[in-house]
Amino acid sequence: MSGVILQDERDYEIINGKIYMMSRPNMNHIRITGNIFGIFQRFLMDKECEVFSEPDVFFNEENNFIPDIVVLCDKSKDKYKGIYGAPDLVIEILSPSTDVKDLGEKKDVYGKTGVKEYWIVDPKSKKIIVYYLSGGSLEINNVYYYCTAKQIEKMPDDEKKAIVSSFKSLIFSDLEIELSQVFKNVVDLGLY
């Protein structure tokens, strides 16, 4: 795959020079994408940064991804065919066919290319893992779990006190993300 950046209507990603076909997302994946996109779209209104859903992101010849959501603040990277270079924030929503790549190779590329903040959203366990850029790699900052009112009701008091219902973005410290809004209308089917 040396020397070629593919730029067409595509449903594949290139990760470390290898082509991976992409599958269509399920409804929980679509709901979460829409929920998070809406949170960022409202927050970024009248600001310099912009949120994108499933853009082509061209890091280099060996790595061309289609992340679920990105936030881009450097407008010089915004080109007609996609984003050329590292976005500021990348969010991937896990599915059975992508979880190993999202947590491994893609996370490594995101860190090496300068993505400042990276979220992994797991629809099955309703958790968000937040990574931050540190010395050329992405390190875990925190893990946030969404608990329903029914789940909280059954917990002992000490566990109830430890529940976190919202968190702040690392690069947008004035943005409070409510876990209930991220996982709104996500159906528990035991599947992604």
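Scroll up to find the structure.
Residues numbered from 1 in each chain as written. Predicted model: local features only at pLDDT ≥ 70, side-chain atom pairs only at ≥ 80, totals over all residues. Heavy atoms only, no water.

Looking at the pairing of strand β12 (residues 137–145)
Reasoning step 1: The pairing of strand β11 (residues 127–134) with β12 spans eight bridges and is classified as antiparallel. Residue pairing in the sheet places Y131 in a bridge with I140 of β12.
Reasoning step 2: Between β11 and β12, which pair antiparallel one after the other, the connecting turn spans two residues, and G135 there sits at a positive phi close to 60°. (Pairing = 2+ DSSP bridges. Helix = DSSP H or I, 4+ residues; strand = E, 2+ residues; numbered from the N terminus.)

A few points about the pattern of salt bridges
Reasoning step 1: Inspection of every chain in the model, using the stated rule, returns three salt bridges.
Reasoning step 2: With its nearest N and O atoms 3.0 Å apart, the salt bridge here joins K75 to E50. Residue K75 is found in the loop between β6 (69–72) and β7 (78–79), and its partner E50 is found in strand β3 (residues 50–53); the two are separated by 25 residues along the sequence.
Reasoning step 3: E50 gets classed as partly exposed once you look at its relative accessible area, which sits at 32%.
Reasoning step 4: Linking K106 and E92 is a salt bridge whose minimum nitrogen-to-oxygen distance equals 2.8 Å. You can see K106 sitting in helix α3 (residues 105–113) and its partner E92 sitting in strand β9 (residues 89–93), a full 14 residues away along the chain.
Reasoning step 5: Judged by relative accessible area, E92 falls into the buried class, the value being 3%. (Salt bridge = Lys/Arg side-chain N within 4 Å of Asp/Glu carboxyl O. Buried < 20%, exposed > 50% of the residue type's maximum accessible area, 1.4 Å probe, protein only.)

Comments concerning the sheet that holds β12
Reasoning step 1: A sheet is described by the order of its strands in space; here six strands give the open sequence β3-β6-β9-β10-β11-β12, paired in mixed fashion. In the strand order of this sheet, the two ends are held by β3 and β12, each with one partner. Averaged over neighbouring strand pairs, the angle between their axes works out to 15° when direction is ignored.
Reasoning step 2: Note that β9 and strand β10 (residues 117–122) share five bridges and pair parallel. When the bridges of β10 are listed, E92 appears paired with I120.
Reasoning step 3: Packing against the sheet, helix α1 (residues 27–44) makes contact with β3, β6, β9 and β10, and its axis sits at approximately 165° to β3.
Reasoning step 4: Contacting β9, β10, β11 and β12, α3 runs over the sheet at an angle of about 120° to β12. (Axes fitted to C-alpha atoms, helices over the stretch in contact; angles between N-to-C directions. Contact = heavy atoms within 4.5 Å.)

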